[in-house]
Structures are given as structure tokens and as C-alpha cells.
Amino acid sequence: MLPHKYAPKVAVVILAYNGLAYTQQFLNGVVETDYDNLAIYVIDNNSTDKVGAYVKDNFPTVKLIELSSNEGFAGGYNTGLGQIEADYFVLLNQDVEVSKNWIQPIIDAMEKDALLAICQPKILAQQNKTAFEYAGAAGGFIDALGYPFCRGRIFESIENDEGQYNDEVPCFWASGAAFFIKAGLFKSIGGFDVTFFAHFEEIDLCWRTKNAGYKIAVIPQAYVYHVGGSVIDYQSPRKTFLNFRNGLVLLHKNLPKQQLLFKLPLRLLLDVIAAYRALLNGEVKTYKAIAKAHFSYLINIKKWQKQRNISKKQVRLNKINTSNSNGIYRNSIVWDYFIKKKKLFSDLPKF
């Protein structure tokens, strides 16, 4: 490990929204992290449970940034990180339990490769520590139509961690639950797109970063434990709406024009099938959430086109290399999972 004066400055930044119980449970472990040049921040996203007061009273070394309104995941981080100077930002969910040495292996990897701009650790379930966690698992991937999945989690099928994904590999996106990024790049490429509010904003940022020629990887030698669903439950209609609406926006913003013209209609069709499948299964709230997502996307086409133009400019200004396609699954994960019954990441053909 490099001595303090040589170690890059790392800012671990926790966005808290009504997460007092998680702060009480997990913040002390973050403070005890084994890394030489570390600053810890809590951004209070206008909570109503006095989480800010608790941090002030119990963690004098933790810096508190208090926001006057709930700006969501994207806006809350953009505002808070704009006030922080560091070499690396580590965005950490409030419901994450860290291991002692969860930072050093990732910083070592990023320092060795100037193009490696975003990373995540292996993410396990806090309530079942032998299983991967839904949001990130052992690295994020995406299929040809923009459906995200993970090494260790495809849709609702979650694998146990048996060491099968302990190798460091390139991936397409890193989980917002424990998201490492070079701080200068986060700011210069525009941070998160606040129109997402929550869900998929980290995938959008990763996609822009890849289009600018940078790399993304999972470093499983570092690991954390995530509760998950602490702000918006994984099964809630609100999350369903955001996932489906933002999934369409993600494609609209980042796909090359020639691909967008045929992939977007296919994605819309598959979403419609998913909606009617939910309806046939008696999941009326899910059906309504998907319909609402499509309506929201379609009536705001001009806004998404504006965001696409902004994204293209951000990529152009930060271009360092040719874009790479690491982590893109060229087949349909929907077809392979639901029709061909490929439930495990290891069942998929190599890509």
C-alpha cells in the first residue's frame, strides 16, 4: 500500500435519504476502512428522520452536506459531488456494509490503467452473504436491446457466490450501490443525467464514458454487502415505471442513430409483451406502471432528443480513445432467459 502522501485522495460519498437506521448500522464500518488517504462525506438528501443530526453528533470526522430538497439519486450526487475535491469518488449506498479492504484493490487497478475510469467491487447480499445482490452482483452487462443484467444475476434469478466470478473482467456498467469513478472525469463528462431521477443513471454515465473510449471493470478482490431496495422497493410500481421509462431513454441517448431506428421499436414491442404478461399474471400495478412509462417516454421525445445532443457533446469533449463494446451481449437476454431458460450467467455463450 502506498504511504499517505502518495496515495490518491479517495472521497467515499454516501447519499442518505431517510436512512437513519442504515447509517447507524453501517457508517462506522465505512469510517474504519483500511485506506490511507480517505475522506468520508454524507449528503443528506433532505431527509426527515434527522440522519444529518445523527452524523454530526456521532461522526465528527465525517463531512456533512445538507440539501434543501430531495434531488433524487442523480441530482443529489451531482450537487454534493460538485462541492468535493478528490482524485476518486466512491459513491456508496446508505444500506451497504463494507469489508475492511474494499477500496485499495480497486484504486490499485485504476492507477495502473489510465483508461480504466469506472469500477465496482463484488456486491453480495447483506442478509444472505453467500448470494450475489440484485444491484450489481459481479459486474453489469447489457444486451443488444438495452436490457441490463449482471454476472451473477439475470432478471430475478440470483446465483450463490461460489467463487465462480472472482476474476477481474471488463463490464458495461458498474452498480450505483458501490460506484468508483475518477473524479475529474465525473465532472467533465457531466455527471449523472438528472432527468433519470433514479435508476439507470449510472448505466447512462457508464455508456457515455465508454463512448468516450474509457474502460469499466469489476474488481472482485474488493467486496461489499448490499441490503438493496432501501429507498424504492425492488417490486414497487414506482421502480417498475422508472426502469421501463429510463430504459427507453437510455437507448435514445446513447445508441448510434442507425441502430436506434430499429432497436427502439423492438424494445417497445418487448416492453408491451412484458406488460401484457404481467396483466395475465394478475399484476395489474406492473401493467399500469409499464403503460405509464411508455406514455411518459413518448410525450417527452423532444426532451430526450435534447439530452441525446447534450450527451454527444459531452462524449466529444472527453474523447480519449475509440469507443469499446466490452460488456455488450449481442443476443437477446430476454429470449435466452424466458424462452431458452438460460438462468445463469455461465449458461450464456462467451461474449
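Relevant structure appears above.
Here's a quick rundown of the structure.

The rules behind each value
- Here the residue numbers are simple positions, counted from 1 along each chain's written sequence.
- In keeping with the predicted nature of the model, local features appear solely for residues at pLDDT of at least 70, side-chain atom pairs appear and are counted solely at 80 or more, and the whole-chain, interface and lining totals rest on all residues.
- Here the side-chain values reflect all heavy atoms present in the structure, with hydrogen atoms and water set aside.
- Only DSSP runs of H or I reaching four residues or more are called helices, and only runs of E reaching two or more are called strands; each is numbered from the N terminus.
- Exposure is judged per residue with a 1.4 Å probe applied to protein chains only, and the accessible area is read against the type maximum: over 50% gives exposed, under 20% gives buried, and values in between give partly exposed.
- Note on definitions: a residue-residue contact is assigned when non-hydrogen atoms from the two residues lie within 4.5 Å.
- Pairing of aromatic rings covers Phe, Tyr and Trp, the last counted by its six-membered ring, and requires centre-to-centre distances within 6.5 Å; plane angles under 30 degrees mean stacked, over 60 mean edge-to-face, and any other angle means tilted.
- Basic side-chain nitrogens of Lys or Arg form a salt bridge, by our definition, when they fall within 4 Å of a carboxyl oxygen of Asp or Glu.
- For a crossover, the right-handed case is the one in which the path from the first strand over the helix to the second runs clockwise, viewed with the strands pointing away from the viewer.
- Residues enter a nonpolar core if they are buried and are Ala, Val, Leu, Ile, Met, Phe, Trp, Tyr or Cys, with the set joined through side-chain atoms within 4.5 Å.
- In the cavity and pocket records, a cavity denotes points on a 1 Å grid over the protein atoms alone where a 1.4 Å probe fits but cannot get out, a pocket denotes an open set with protein on both sides within 12 Å along at least 5 of 7 lines, and lining residues are residues with an atom within 4 Å of a point.
- Grid points are joined across faces, edges and corners, and a volume is the space filled by probe spheres set on the points.
- DSSP-based pairing: two strands are paired if at least 2 bridges between them are found.
- Like charges within 9 Å and nonpolar side chains (Val, Leu, Ile, Met, Phe, Trp, Tyr) within 5 Å are joined into patches, using only residues over 30% in relative accessible area that form no salt bridge.
- To be clear on the numbers: accessible area is Shrake-Rupley with a 1.4 Å probe, and residue cover counts the displayed protein chains and nothing else.
- In this classification, the charged set is Asp, Glu, Lys and Arg, the nonpolar set is Ala, Val, Leu, Ile, Met, Phe, Trp, Tyr, Cys and Pro, and all remaining amino acids, among them Gly, are polar.

Turning our attention to the environment of A11. Within the fold, A11 resides in strand β1 (residues 10-16). A residue is classified by how much of its surface remains accessible, and A11, at 0% relative accessible area, is buried. On a C-alpha basis, the gap between A11 and F180 in space is 9.7 Å, while along the polypeptide they are 169 residues apart. With residues near it in sequence (within four places) discarded, A11 still touches A39, Y41, I84, A86, Y88, F89 and V90.

Once that is clear, we can look at the packing of aromatic side chains. Per the counting criterion, the structure on display carries 25 aromatic pairs. Their ring planes at 80 degrees and their centres at 6.0 Å tell us that F149 and Y329 sit as a pair that is edge-to-face. Of this pair, F149 sits in strand β9 (residues 148-150) while Y329 sits in strand β15 (residues 328-329), placing them 180 residues apart in sequence. Ring centres 5.8 Å apart and planes at 55 degrees place the aromatic pair F345 and F351 in the tilted group.

Evaluated as defined, the whole model comprises 10 salt bridges. Where K56 meets E66, a salt bridge forms, and the shortest distance between an N and an O atom there is 3.4 Å. Taken together, the positions of K56 in helix α2 (residues 51-58) and E66 in strand β3 (residues 63-66) put the pair 10 residues apart, joining distant regions of the chain. The shortest N-O distance in the salt bridge between D113 and K215 comes to 3.0 Å. With a gap of 102 residues between them, D113 in the loop between α4 (104-112) and β6 (116-125) and K215 in strand β14 (residues 215-226) connect regions that are remote in the sequence. The exposure class assigned to K215 is partly exposed, which follows from its relative accessible area of 33%.

With that settled, consider the pairing of β1. Counting buried residues along β1, 7 of its 7 residues qualify, which places the element largely inside the surrounding structure. Burial along β1 is two-sided: the residues V10, V12, I14 and A16 and A11, V13 and L15 are all buried. Crossover β1 to strand β2 (residues 38-44) through helix α1 (residues 20-31) is right-handed.

Another point: the nonpolar core. Ranked by size, the top nonpolar core spans 79 residues in total, and within it Y77, F89 and I333 carry the most contacts. In terms of residues, this core owes the most to one element, helix α7 (residues 237-254), which gives 7 residues. One finds I14, V42, V51 and A217 within the second-largest nonpolar core, a separate group that totals 36 residues.

Further remarks concern the layout of surface pockets. Approximately 310 Å³ is the volume attributed to the second largest pocket. As for the second largest pocket, its lining consists of 15 residues, of which F141, R151, F345, K350 and F351 are closest to the centre.

When you tally the buried positions in β14, you get 9 out of 12 residues, the bulk of the element. Pairing between strand β5 (residues 96-98) and β14: 3 bridges, direction antiparallel. Note on β14: the bridge partner recorded for V96 is H226. As defined by bridge partners, β6 adjoins β14 across 9 bridges and the pair is classed as parallel. Directly across from A125, in β14, lies its bridge partner H226. Across 2 bridges, the pairing between strand β12 (residues 169-170) and β14 is antiparallel. In the strand pairing of β14, V169 is matched with V218.

So, on to a nonpolar patch on the surface. A cluster of nonpolar residues, F262, L266, L269 and I273, forms a patch on the protein surface that exposes about 390 Å² of accessible area. By secondary structure assignment, the location of F262 is in helix α8 (residues 257-280). According to the relative accessible area criterion, F262 is partly exposed, its value standing at 46%.

A separate point is helix α6 (residues 201-211). Three- or four-residue spacings in an α-helix give side chains the same orientation, since the helix completes a turn every 3.6 residues. Counting buried positions over the 11 residues of α6 gives 10, a clear majority of the element. Those residues of α6 lying buried are E201, E202, I203, D204, L205, C206, W207, R208, T209 and K210. G213, located one to two residues past α6, shows a positive phi value of around 105 degrees.

Right, let's get into the side chain of S157. With respect to the element layout, S157 can be found in strand β11 (residues 157-158). S157 has contacts with G152, Y337 and K343, leaving out every residue within four places of it along the chain.

A few words now on empty space enclosed by the protein. Any empty space left between the atoms is revealed when a probe the size of a water molecule rolls over them. Across all of its chains, the model carries 1 cavity of 30 Å³ or more by this definition. Of the pockets and cavities examined, the largest cavity occupies roughly 60 Å³. If you go around the largest cavity, the residues you meet are I14, Y22, T23, F26, L27, V30, V42, L92, N93, Q94 and V96. Of all the secondary structure elements, the ones that give two or more residues to the lining of the largest cavity are α1 and β4 (88-93). Here the element with the most residues in the lining of the largest cavity is α1; it accounts for 5 residues. For the lining of the largest cavity, the class distribution of residues is 8 nonpolar, 3 polar and no charged.

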